[in-house]
Amino acid sequence: PARVVLRQLDALLAGQQVAGLFLYLHILYPHRPYLPPATYLAPFGRGVYETTRANRRGLINLYDGEIRVADDVVGSFVDLLRRRGLFENSVLVVLADHGEGFWEHGLSDHGNSLYNELLHIPMLIVAKGRVPAGRVVPDVVRIVDVMPTVLALAGIQPPAHLRGRSLLPLMSGSRGPPR
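Predicted, not measured: the structure shown is a model, and the values here were computed from it.

Caption draft 1: Looking closely at the environment of L28. Within the secondary structure, L28 is located in the loop between α1 (2–13) and α2 (38–41). Taking the C-alpha atoms as reference points, L28 and V4, separated by 24 residues in sequence, lie 14 Å from one another.

Given below as structure tokens:
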């Protein structure tokens, strides 16, 4: 569970002088089976884990509840970084690996189509003083752009063989070539 991982991370960082830390935190919310605690489900309505088109609303409620769990985990992680004095100099990247289908095109789950509900995912990049706060990039970007972007923010020249491109120019307001 994420709370256990965050406790372990907090203990690991206790009393440490941290410089040049890379941390990858992978959380599995939202992910099947969608079983958020009841407190996370309350705002969305009843949810029953039954993978049928007739139960579409119930599954979406459970999915939304798990998104709230993920949001709290990320919030707790940011709080931990702040408590440890690490947030101000951090590059924080939050993204999903894929979306989820709820019969928008007759299919549920993921890995079975290339519709936008599976491909268009959230990506947030926070780097205080290095990335303009609140900037929305309208260009199409890709997950492979994360590594060159993080390297550029760290002042490291990305290797030439990388398929991705740094998003720094786009985050500064430039428009990139179409993809």
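Caption draft 2: Layout of α1. Taking 1.5 Å per residue, twelve residues should reach 16 Å; α1 reaches 16 Å between its end C-alpha atoms and fits that length. If you check which residues of α1 are buried, you get A2, L6, L9, D10 and L13. Projected down its long axis, α1 shows its buried positions confined to an angular sector of 100 degrees, all on one face. Across α1 from its buried face, at more than 90 degrees, point the exposed residues R7, Q8, A11 and L12. Just downstream of α1, G15 is the residue with a positive phi angle, here 75 degrees.

Caption draft 3: Fine view of the pattern of salt bridges. Scanning the entire structure with this criterion turns up nine salt bridges. A salt bridge links K128 to E88; its shortest N-O distance comes to 3.0 Å. In this pair, K128 is assigned in the loop between β4 (123–126) and α5 (146–153) and E88 in the loop between α3 (56–83) and β1 (92–95), connecting sequence segments 40 residues apart. Take K128: its relative accessible area is 51%, and that puts it in the exposed class. Linked through salt bridges whose partners overlap, the residues forming this network are D10, R83 and R84.

Caption draft 4: Highlighting the nonpolar core. Ranked by internal contacts, the top residues of the largest apolar core, which has 14 residues, are L9, L13, V73, F77, L81, F87 and L92. At the level of elements, α1 and α3 are the ones that each hand at least two residues to this core. By residue number, the principal contributor to this core is α3, which donates six residues. What L81 contacts, discounting residues up to four positions off in sequence, is L86, F87 and S90.

Caption draft 5: Seen up close, unusual backbone geometry. Residue P30 follows Y29 across a cis peptide bond; omega there is -10 degrees. Looking at the element boundaries, P30 is found in the loop between α1 and α2. In the segment running from R32 into P33, the intervening peptide bond is cis, with an omega of -5 degrees. Along the chain, P33 falls in the loop between α1 and α2. At W103, a position not held by glycine, the phi torsion is positive, near 65 degrees. Mapping W103 onto the fold places it in the loop between β2 (101–102) and β3 (108–109). Backbone geometry places D109, a non-glycine residue, at a positive phi of 80 degrees. Examined against the element boundaries, D109 turns out to sit in strand β3.

Criteria and cut-off values
- Residues numbered from 1 in each chain as written.
- Predicted model: local features only at pLDDT ≥ 70, side-chain atom pairs only at ≥ 80, totals over all residues.
- Heavy atoms only, no water.
- Helix = DSSP H or I, 4+ residues; strand = E, 2+ residues; numbered from the N terminus.
- Expected span 1.5 Å × (residues − 1).
- Buried < 20%, exposed > 50% of the residue type's maximum accessible area, 1.4 Å probe, protein only.
- Arc of directions from axis to C-beta.
- Salt bridge = Lys/Arg side-chain N within 4 Å of Asp/Glu carboxyl O.
- Core = buried A, V, L, I, M, F, W, Y, C linked by side-chain atoms within 4.5 Å.
- Contact = heavy atoms within 4.5 Å.

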